[in-house]
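# Structure assessment
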Amino acid sequence: MSYTVAILGASGAVGQEALNLIEMRQFPVKELRLLASERSAGKTYPFRGKLLTVEAVKPSSFDGVDIAIFSAGAGPSKKWAPVAAGKGAVVIDNTSAFRMDKDVPLIVPECNIHAIENPPKRGIIANPNCSTIQMVQALKPLHEKFRLKRLVIATYQSVSGSGTPAMEELSEQSDSLLHGGEIDPPEQYPHQIAFNVLPHIDVFQPNGYTKEEMKMVNETRKILETESIAISATCVRVPVFRGHSEAINAEFEKKVTPQQARETMATALGVVIVDDPAKNEYPLATYSEGRYETYVGRVRQDISNPKGTSIDMWVVSDNLLKGAALNAIQIAEWLVANGKIRSKTRSAKKSVRKRAK
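Cut-offs applied
- Residues numbered from 1 in each chain as written.
- Predicted model: local features only at pLDDT ≥ 70, side-chain atom pairs only at ≥ 80, totals over all residues.
- Heavy atoms only, no water.
- pLDDT = per-residue confidence, 0-100.
- Contact = heavy atoms within 4.5 Å.
- Helix = DSSP H or I, 4+ residues; strand = E, 2+ residues; numbered from the N terminus.
- Buried < 20%, exposed > 50% of the residue type's maximum accessible area, 1.4 Å probe, protein only.
- Patch = residues over 30% accessible without salt bridge, like charges linked within 9 Å, V, L, I, M, F, W, Y side chains within 5 Å.
- Areas by Shrake-Rupley, 256 points an atom, 1.4 Å probe, with all protein chains shown as cover.
- Salt bridge = Lys/Arg side-chain N within 4 Å of Asp/Glu carboxyl O.
- Core = buried A, V, L, I, M, F, W, Y, C linked by side-chain atoms within 4.5 Å.
- Pairing = 2+ DSSP bridges.
- Axes fitted to C-alpha atoms, helices over the stretch in contact; angles between N-to-C directions.

Right, let's talk about the confidence of the model for the chain for a bit. On average, the chain scores 95 in pLDDT, and the residues at 70 or more come to 96%. In this model, residues 347-357 is a region of pLDDT below 50 whose contacts with residues beyond four sequence positions or in other chains number 2 contacts.

On to the environment of T53, then. Mapping T53 onto the fold places it in strand β4 (residues 50-53). Exposure remark for T53: the relative accessible area of 42% places this residue in the partly exposed category. Considering only alpha carbons, one finds T53 and S40, 13 residues apart in sequence, at a separation of 9.9 Å. Aside from chain neighbours lying at most four places away, what touches T53 is L34, G42, K43 and T44.

The next point concerns a nonpolar patch on the surface. Together, L177, L178 and F195 make up an exposed nonpolar region whose accessible area comes to about 320 Å². The topology assignment puts L178 in helix α5 (residues 164-178). On the basis of relative accessibility, which here comes to 64%, the residue L178 falls in the exposed class.

It is worth spelling out the nonpolar core at this point. One finds I22, L32, L34, I67 and L335 to be the most contacted residues of the largest nonpolar core, which totals 40 residues. For this core, the secondary structure elements donating two or more residues are β1 (3-8), α1 (13-24), β2 (29-36), β3 (44-47), β6 (67-70), β7 (90-93) and α9 (321-337). Here this core takes 11 residues from α9, the largest share from any one element. The residues contacting I22, other than those within four sequence positions of it, are V5, I7, F27, V29, L32, F47, R48 and I329.

Of all 9 residues making up strand β11 (residues 244-252), 8 are buried, and the element is well covered by its neighbours. Sheet analysis places strand β9 (residues 148-157) next to β11, joined by 8 bridges and oriented antiparallel. Paired with R150 across the two strands is E251, which belongs to β11. Here 8 bridges tie β11 to strand β14 (residues 310-317), and the two strands are oriented antiparallel to one another. Counterpart to I248 in the pairing with β14 is M313.

Bringing the sheet that holds strand β8 (residues 124-126) into the picture now. Sheet architecture is open: 6 strands sit in the order β5-β2-β1-β6-β7-β8, paired in parallel fashion. Since the sheet does not close on itself, it has two edges, and those belong to β5 (55-56) and β8, each with one partner. Two elements, β1 and β2, share 6 bridges in a ladder whose sense is parallel. Residue pairing for β2: V5 is matched across the bridge by L32. Packing against the sheet, helix α2 (residues 74-86) makes contact with β1, β6, β7 and β8, and its axis sits at approximately 175 degrees to β6. Running over the sheet, α9 touches β1, β6, β7 and β8 and is turned about 155 degrees from β7.

Below, the structure is given as structure tokens:
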């Protein structure tokens, strides 16, 4: 069985990764539709030996689509996801548009795939925020064994989280400054990002936190299915092209040693422990680029907690892969493997044969 798949936001950084993954992982595609805004229409991208042309999205774009992967921003998702779902597609949305909707499951396959055992009411499945995904992937096995009580997080997020224009801006600013030139007024961030650190991702909220920080708070609780975890996050943009890093302090209800924490996380699918300080081995953003796994290191006892119930760790992952496109493709793969999506093409052929009889 093969499927008709649409990618909305196909010309963006995440859309391009989704396109590559569909080909590399041999996802069963009969037809692939690349969709975007009018501005990106007409661009071409190779797929399985052919060139596919990006089309401007319109209602008919989703006719006959089985799976639609959205990564064009919250605004387009709010407009087009109900249209696609209304035409029978399962929408896997990589934006913030529906994450906290009670009728939309928020899925990290390694953590809570059971949440889509039944078809989603709205026909939409949400991908969590990139920083949330890698964090809960590492923490879920620890939560099951030791029960999370409190999290304090500082993220160090690459510019690719803001899309291709932000990567270009970092490159242009860096090149200009390294050659003694001046930089143009920044367009992607409120301040220069080259050789700088910005403690500001997304818009500020009335409580002083940013929207990005509150995403980590609310999404983590939804995925882990508990409101009892106290969470505080500081999300920081750093001049790194790709790969998000996180310093996490996790407090549990039970005592836990660093060795217990390493052994527990090592059992989780997709988690790799890189933790040998004597050899200067720990997760790096540059190492994570292009890799599917989430890497954990610098696991140590929190010396400020005499109860022995807190652990510090460093978590790194490729934000465009596991933090976005890969997570979406894994959801689609699970849906197909478990018979949760039936190809409309095949269903239509069966209907024709039945009418013929």
